[in-house]
Amino acid sequence: MMITENGRICEKCGLHKALVLCDGCSKALCEKCRIFDLWSYGCGHIDPKAFCKECHDNPEKNPWGGNRP
C-alpha cells in the first residue's frame, strides 16, 4: 500500500484529502473511497492493499477479491 503526499485531493470524489494510492490504478483515494483488502502469500505473509471500487471489483486487478462473472 502506498501512502500519498500531503495535500493531494481524492481523485475519485474530489472532496476529501487523499491518504493512499489505489493498488490497481494508482489514483489517490480518500478514507471514504478506499476499500481495504488483504493478500496472503505462503505461510503467514499478508500484504494490505487499498483499491478504488472499480479496481476492487475487477478480477484482473484484484484476483483475490474481484467480482467474477
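Quick notes on the rules
- Each chain has its residues counted from 1, running along the sequence as written.
- Under the rules for a predicted model, residues below a pLDDT of 70 receive no local features and side-chain atom pairs below 80 are neither given nor counted, while totals for whole chains, interfaces and linings still include all residues.
- Note: side-chain values were computed over all heavy atoms of the structure, leaving out hydrogens and water.
- Helix and strand assignments come from DSSP, with helices taken as H or I runs of at least 4 residues and strands as E runs of at least 2, each series counted from the N terminus.
- Only protein chains enter the accessibility calculation, which uses a 1.4 Å probe; a residue whose area is less than 20% of its type maximum is buried, one above 50% is exposed, and one in between is partly exposed.
- In this description, contact between two residues means that some pair of their heavy atoms is separated by no more than 4.5 Å.
- By the convention used here, strands pair only if DSSP detects at least 2 bridges between them.
- Salt bridge, as used here, is a side-chain nitrogen of Lys or Arg placed within 4 Å of a carboxyl oxygen of Asp or Glu.

Relative to the helices and strands, threonine 4 is located in the loop between β1 (2-3) and β2 (20-21). Judged by its relative accessible area of 11%, threonine 4 is buried. Beyond its immediate stretch of four places on either side in the chain, threonine 4 contacts Ala18, Leu19, Val20, Leu21 and Ala28.

A word on the sheet that holds β2. With antiparallel pairing, three strands are arranged side by side in an open sheet as β1-β2-β3. In this open sheet, the two strands that pair with only one neighbour each are β1 and β3 (28-29). When β2 meets β3, the two strands line up antiparallel, connected through two bridges. Bridge assignment links valine 20 to a residue of β3, and that residue is leucine 29.

This part covers the pattern of salt bridges. Scanning the entire structure with this criterion turns up three salt bridges. Of the charged contacts in the structure, one is a salt bridge between arginine 8 and glutamate 11, with a shortest N-O distance of 2.8 Å. In this structure arginine 8 comes out as partly exposed when scored by relative accessible area, which is 31%. For glutamate 11, a relative accessible area of 40% translates into the label partly exposed. Ionic pairing is found between glutamate 54 and lysine 12, a salt bridge with its closest N-O pair at 3.0 Å. Residue glutamate 54 is located in helix α1 (residues 53-57), and its partner lysine 12 is located in the loop between β1 and β2; the two are separated by 42 residues in the primary sequence. Note on glutamate 54: relative accessible area 49%, which makes it partly exposed.

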